[in-house]
Every structure is written in structure tokens, then in C-alpha cells.
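What follows is the residue order along each chain.
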Amino acid sequence: MDVFTHHCRKGVAAMAASLDRLDALVFTGEIGEDQPEVREEVCARLSALGLTGGLRGGRRRMP
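Residues numbered from 1 in each chain as written. Predicted model: local features only at pLDDT ≥ 70, side-chain atom pairs only at ≥ 80, totals over all residues. Heavy atoms only, no water.

### Some words on the side chain of Arg9
Logical step 1: Tracing the backbone through its elements, the reader meets Arg9 in helix H1 (residues 2-17).
Logical step 2: Discounting residues that sit within four places of it in the chain, Arg9 has contacts with Glu41, Val42, Arg45 and Leu46. (Helix = DSSP H or I, 4+ residues; strand = E, 2+ residues; numbered from the N terminus. Contact = heavy atoms within 4.5 Å.)

Spelled out as C-alpha cells, the structure:
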């Protein structure tokens, strides 16, 4: 999981560098629905972008 989350962080940071600000980071699919530990790990080292913890309880499914 370390290599996967590192690559996710690298991609998010690279894309965020070209933006004025980051309004939201949305996880979809399996990670968005059933893997809060992956979401937490990805965001854990992106605090410089304003991302914080507390992602475990924010699960919503679309109809």
C-alpha cells in the first residue's frame, strides 16, 4: 500500500501545483466506497495542500 499511496500523493501534488487552490479531493470507485484506510494514508502527507484527516466517516453512496 505504501507504493500505491505514494504514487497517488505524487499525482495529486503535481496536479494541485497547477491550480490556484484545491477545493476538494474526491475518491471514487472502490477507494471512495470501501477503503477509508487508503484515503487516510493518501491525505496524511498532503497537509501542505490543506487536506486534513477525518476521512473515515464521510462515506456516501450515490443512488
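### With respect to H1
Side chains three or four residues apart in an α-helix point the same way, a direct result of the helix having 3.6 residues per turn.
Logical step 1: Over its 16 residues, H1 extends 22 Å from the first C-alpha to the last, a length consistent with the 22 Å expected when each residue adds 1.5 Å.
Logical step 2: Considered for burial, the residues of H1 that qualify are Thr5, Arg9, Val12 and Ala16. Each buried residue of H1 sits inside an arc of 65° when the element is viewed along its axis, so together they form one side. Turned more than 90 degrees off the buried face of H1, the exposed positions are Val3, Lys10, Ala14, Met15 and Ala17.
Logical step 3: Of the surrounding secondary structure, the elements contacted by the buried residues of H1 are helix H3 (36-44). (Expected span 1.5 Å × (residues − 1). Buried < 20%, exposed > 50% of the residue type's maximum accessible area, 1.4 Å probe, protein only. Arc of directions from axis to C-beta.)

### Considering H3
Logical step 1: All buried positions along H3 are accounted for by Val38, Arg39, Glu40, Val42 and Cys43.
Logical step 2: On the buried face of H3, the contacting elements are H1 and helix H2 (29-34).

### Digging into the confidence of the model for the protein chain
Logical step 1: Here the protein chain averages 83 in pLDDT, and 83% of its residues register 70 or above.
Logical step 2: For the protein chain, the element scoring lowest by mean pLDDT is H2, at 86; H1 scores highest, at 94. (pLDDT = per-residue confidence, 0-100.)

### Side note on the packing of H1 against H3
Logical step 1: Their axes nearest at 9 Å, the elements H1 and H3 cross at an angle of 55°. Put simply, H1 runs oblique to H3. In this structure, the crossing between H1 and H3 has a hand that is right-handed. Across the interface between the two elements, Phe4, Thr5, Cys8 and Arg9 from H1 touch Val38, Glu41 and Val42 from H3.
Logical step 2: Here the contact of H1 with H3 is built from residues that sort into four nonpolar, one polar and two charged. (Axes fitted to C-alpha atoms, helices over the stretch in contact; angles between N-to-C directions. Parallel < 35°, antiparallel > 145°, perpendicular 65-115°, else oblique. Left-handed = near helix turned anticlockwise from the far one by under 90°. Nonpolar A, V, L, I, M, F, W, Y, C, P; charged D, E, K, R; others polar.)

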